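# Examining the three-dimensional arrangement
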Amino acid sequence: MLKNRKLSTILTVAITVIAVICITLLFMIANRNMTKAMKTTAMNNMKTSLEAKTRIIEEYVKSSEDLLIAYSKAPVIAALLKDPENKELQRSAQDYTEKYYAGLDRWEGIYTGEWDTHVIAHANPEVVGMVTRKGEGLKQLQDAMTKANGIYNTGIIVSPASKKLILSMYCPVFDSDGKTILGYVGGGPFAEGLKMLLDSLVIEGLENAKYTMINTETGVYIFHEDETLMSKQIEEDMLLSVIEKVHGDPGRVYNDFEYIENGGIPSIAAYQSIAERGWAVVLTDSEKEIYAQADKNKNMLGVVCIGSLVLIAVLSWVLIHFSTRPLKIIEHVILQLQNLDLSPTARLDKYINRKSEIGQIATATNSLYVTFRDIVTTLDRCSDSLSDSAGRMTESSQILLECVEDNSATTEELAVSTDLTNDAVLRVGNEVGRIADMVAQVEEKVQAGSEKSEDLISVVQNMKEKANHSLEITGSRLEENQKNIKEAMFNMQSLSRINDMVTQILDITSQTNLLSLNASIEAARAGEAGRGFAVVANEIGNLANSSSVTATQIQSICNDTNANIEYVQNCFNDIMDFLNKDVAGQFKEFIEIANEYSASIQSIQGVIGEIRQVSNLFVDAVSNIKGQINTVQCASGENAIGVDDIIEKIERTTMTTEVLSNVVQANQENATAIRQIVSRFSQY
């Protein structure tokens, strides 16, 4: 899906995906830990609230007990119990009781009674003289106070007198020996004071939490938000479950559990047991409120994570966009090179000779551009040279053809002269009278033949010199072209530096991958602290992989270029072999033919000289004319043979000229092919 996308897009998507994965994991871990911590905090708040309520209850009960104990230790109380019939002590004790009660806050009453529960002093004077317990009830109270050996707290009960909840307490009064019980004191504060204190304690974040105080021994309500249920038997399943848990694990003071409240609302209950009094304080609230802060923090964390993800994606795109800008320039330059466009690119200059990978690639690409420009320039120069050489060879061929045509005409004339000489010799026997005229004609023809021979020798010599000059020029051109081609091929060898640089880049990317792997291992060892570093290490590994892919592509392009250079070098080698072996050989053969042709002409010139001598002596040797005629016949036969030889050599010269023309045509075609190669490159 992303294989045809740009590198910046791929990296941005990759970093965004990695960031999504990391932030998602971070969100899940942080949310789990934070939720767990918030739930633990909420439960700790409930536990703290229960402990606070329990402390309030304990302090309230302890304060009430201390007040009752302080009342029991008054000397007038002990004195009255020792002498209950003493009126003075009765008045003193009554006054003290009333005054003491006046200083109490929200007490139902306080009183002093004999061991048989006969009231002898009371905050309410009308109650003095009553007996509160009899029979089995009296015995149970006495046993309980004796067993307690101190204050006996019956708990929060409904007062028979006021029908309200009170904290019912009794405290025996001992004689001075500390063992003999003289009587007891009793009293009880209203429980509504305790309830007001408990109601005033509100848990922050759990404003809707409800508390209930129950008696785990009797299974009745002590405090409930529904006051009609107070002091009634418990029927609520959750509270019955609390009683079960308290009895099932008496040593456990605090516990919490989940339950479904009426209406299907998931809720949590926490209780703290006051085992020594048989009480338990139960705190309940819905999970929604308990975990409200955790849910709020979860949503806030989600918003922060999403914002961070967007910020990372935007910053990654911006950073990668600016970081890959040099690669885009190099990509444009390489695409130009792929299209054989050698026009200079100024944007690449500022990255050349830098130490970074981009700088090395830019330097290598620029070197490749320079090398290709030199190659194209050399090819252009070679093609021009080949074109010039082909032009000069064409001119030489035309001159050679003209010379051949002249030689052919001269040879034809020589053949005609020879035929005429043979005819004259045959007619000598029959036409002696006309011998003088014939001798004159022969002398004229010999003179013309001599002049033609001299012209022919001059032409042959000129042709020989031009052939030698063309051979020397062609040889020097071949040496110069061969030298230029070798220099061009040597310059092309600098392309191997790109392969070396690409190899170095691949080595660097390999080391970077190894470094990234080591960094990831160390980040994994570092745990949570190294998680951010692990992300950076992964990004370094991804960048190293991307650089390796780019270097591999450049290496492939360089390999293709090296193959093309090798093909061009082979073509140049074939051209040079053809020029050295075929063209030079044809020139040498042409020179040899010209030399042979010159020798033949000289031979003809010697024969003509002999004819001239014979003509000069012809008049003086008329008597020996027959013998001279035989000599003339022999010379005519030799002339015929020489003419045939000249004709044969002319044919060979014509063939050589055709071969030379073909060579010229081949050179022109090669020059055209080189120009086509050059034209594929755009230099400006």
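The preceding data block contains the structure.
## What to know about the overall build of the chain
When you go through the chain residue by residue, the secondary structure sums to 14 helices and 10 strands. Within the span of the chain, comprising 684 residues, buried residues form 40% of the whole. Counting contacts in the chain only where the partners sit at least 6 residues apart, residues at least 24 apart contribute 69% of the total. As displayed, the chain has an accessible area near 37900 Å², and 54% of this comes from carbon and sulfur atoms.

## Here's the deal with the sheet that holds strand 6 (residues 210–215)
Read from one edge of the open sheet, five strands run 7-6-10-9-8, paired in antiparallel fashion. The open sheet is flanked by strand 7 (220–223) and strand 8 (254–261), the only strands paired with a single partner. The mean inter-strand angle of the sheet, taken between neighbouring strand axes irrespective of direction, is 30°. By the bridge criterion, six bridges tie strand 6 to strand 10 (residues 279–286) in an arrangement that is antiparallel. Counterpart to Thr212 in the pairing with strand 10 is Val282. Running at roughly 70° to strand 7, helix 5 (residues 191–200) makes contact with strand 6 and strand 7 of the sheet.

## Some points on the pairing of strand 9 (residues 265–274)
Burial analysis of strand 9 places eight of its 10 residues in the buried class, the great majority of the element. Linking two consecutive strands that pair antiparallel, namely strand 8 and strand 9, is a turn of three residues; a positive phi of about 100° is found at Gly263 within it. Sheet analysis places strand 9 next to strand 10, joined by eight bridges and oriented antiparallel. Bridge assignment links Ser273 to a residue of strand 10, and that residue is Ala280. With antiparallel pairing between neighbouring strands as the criterion, strand 9 and strand 10 make up a hairpin whose turn holds four residues, including Gly278 at a positive phi of roughly 75°.

## Regarding the pattern of salt bridges
Going through the model one piece at a time under the given rule, you end up with six salt bridges. Residue Arg277 pairs with Glu58 through a salt bridge whose shortest N-O separation is 3.7 Å. In this pair, Arg277 is assigned in the loop between strand 9 and strand 10 and Glu58 in helix 1 (residues 7–72), connecting sequence segments 219 residues apart. Owing to a relative accessible area of 24%, Arg277 belongs among the partly exposed residues under this scheme.

## Notes on the sheet that holds strand 2 (residues 119–122)
Consider a sheet: its strands pair through backbone hydrogen bonds, and that pairing is either parallel or antiparallel. Read across the open sheet, the five strands follow the order 2-1-5-4-3; overall the sheet is antiparallel. Of all strands in the sheet, those with a lone pairing partner are strand 2 and strand 3 (152–158), marking the two edges. Direction aside, the axes of adjacent strands within the sheet are offset by 20° on average. Docked against the sheet, helix 2 (residues 75–82) engages strand 1 (107–114), strand 2, strand 4 (165–174) and strand 5 (181–189), running at close to 130° with respect to strand 5.

## Concerning helix 4 (residues 135–148)
Helix length check: helix 4, at 14 residues, gives a terminal C-alpha distance of 20 Å against a target of 20 Å (1.5 Å per residue), a fit within 8%. Residues of helix 4 that are buried include every one of Leu138, Leu141, Gln142, Ala144 and Met145, and no others. Axial view of helix 4: buried residues confined to an arc of 165°, hence all on one face. Exposed side chains of helix 4 directed beyond 90 degrees from the buried face belong to Gly135, Glu136, Gln140 and Lys147. On the buried face of helix 4, the contacting elements are strand 3, strand 4 and strand 5. Taken from the residues just after helix 4, Asn149 is the one with a positive phi, measuring 50°.

## Structural notes on the side chain of Ser72
Structurally, Ser72 is set in helix 1. Given the relative accessible area of 8%, Ser72 is considered buried. At a separation of 2.6 Å, a polar atom in the side chain of Ser72 contacts the main-chain carbonyl oxygen of Ile69. Residues within four places of Ser72 in sequence aside, it is in contact with Ile77, Cys171, Val173 and Val185.

## Overview of helix 3 (residues 87–102)
Here helix 3 is 16 residues long and its end C-alpha atoms lie 22 Å apart, about the 22 Å a rise of 1.5 Å per residue gives. Every buried residue of helix 3 is listed here: Ala93, Gln94, Thr97 and Tyr100. Buried residues of helix 3, viewed axially, fall in a sector of 135°; they line one side. Helix 3 presents Lys87, Glu88, Arg91, Lys99 and Ala102 as exposed residues on the side facing more than 90 degrees away from its buried surface. N-cap assignment for helix 3: the residue whose side-chain oxygen lies 3.0 Å from the backbone N of Glu88 is Asn86.

## Notes on the packing of aromatic side chains
Using the criterion set out here, one finds seven aromatic pairs in the structure. Relative to Tyr170, the ring of Tyr152 has its centre 6.3 Å away and its plane inclined at 20°; by these criteria the two rings are stacked. Residue Tyr152 is located in strand 3, and its partner Tyr170 is located in strand 4; the two are separated by 18 residues in the primary sequence. With relative accessibility at 25%, the residue Tyr152 sits in the partly exposed group. Relative to Tyr184, the ring of Tyr170 has its centre 6.0 Å away and its plane inclined at 55°; by these criteria the two rings are tilted. One end of the pair, Tyr170, is in strand 4; the other, Tyr184, is in strand 5, and 14 residues separate them in sequence. Accessibility expressed as a relative area gives 10% for Tyr170, which makes it buried. Ring pairs connect the aromatic residues Tyr111, Tyr152, Tyr170 and Tyr184, which therefore count as one cluster.

## Some remarks on unusual backbone geometry
In this structure, Arg106 is a non-glycine residue whose phi angle is positive, near 60°. With respect to the helices and strands, Arg106 occurs in the loop between helix 3 and strand 1. Phi at Thr117 takes a positive value of approximately 70°, unusual for a residue other than glycine. Tracing the backbone shows Thr117 in the loop between strand 1 and strand 2.

Reading the values: rules and limits
- Residues numbered from 1 in each chain as written.
- Predicted model: local features only at pLDDT ≥ 70, side-chain atom pairs only at ≥ 80, totals over all residues.
- Heavy atoms only, no water.
- Helix = DSSP H or I, 4+ residues; strand = E, 2+ residues; numbered from the N terminus.
- Buried < 20%, exposed > 50% of the residue type's maximum accessible area, 1.4 Å probe, protein only.
- Contact = heavy atoms within 4.5 Å.
- Areas by Shrake-Rupley, 256 points an atom, 1.4 Å probe, with all protein chains shown as cover.
- Pairing = 2+ DSSP bridges.
- Axes fitted to C-alpha atoms, helices over the stretch in contact; angles between N-to-C directions.
- Salt bridge = Lys/Arg side-chain N within 4 Å of Asp/Glu carboxyl O.
- Expected span 1.5 Å × (residues − 1).
- Arc of directions from axis to C-beta.
- Polar contact = N/O pair within 3.5 Å; in protein donor to acceptor, adjacent residues only side chain to side chain.
- Phe/Tyr/Trp six-rings, centres within 6.5 Å; stacked < 30°, edge-to-face > 60°.

Read these as layout, nothing more, since geometry by itself doesn't imply function.
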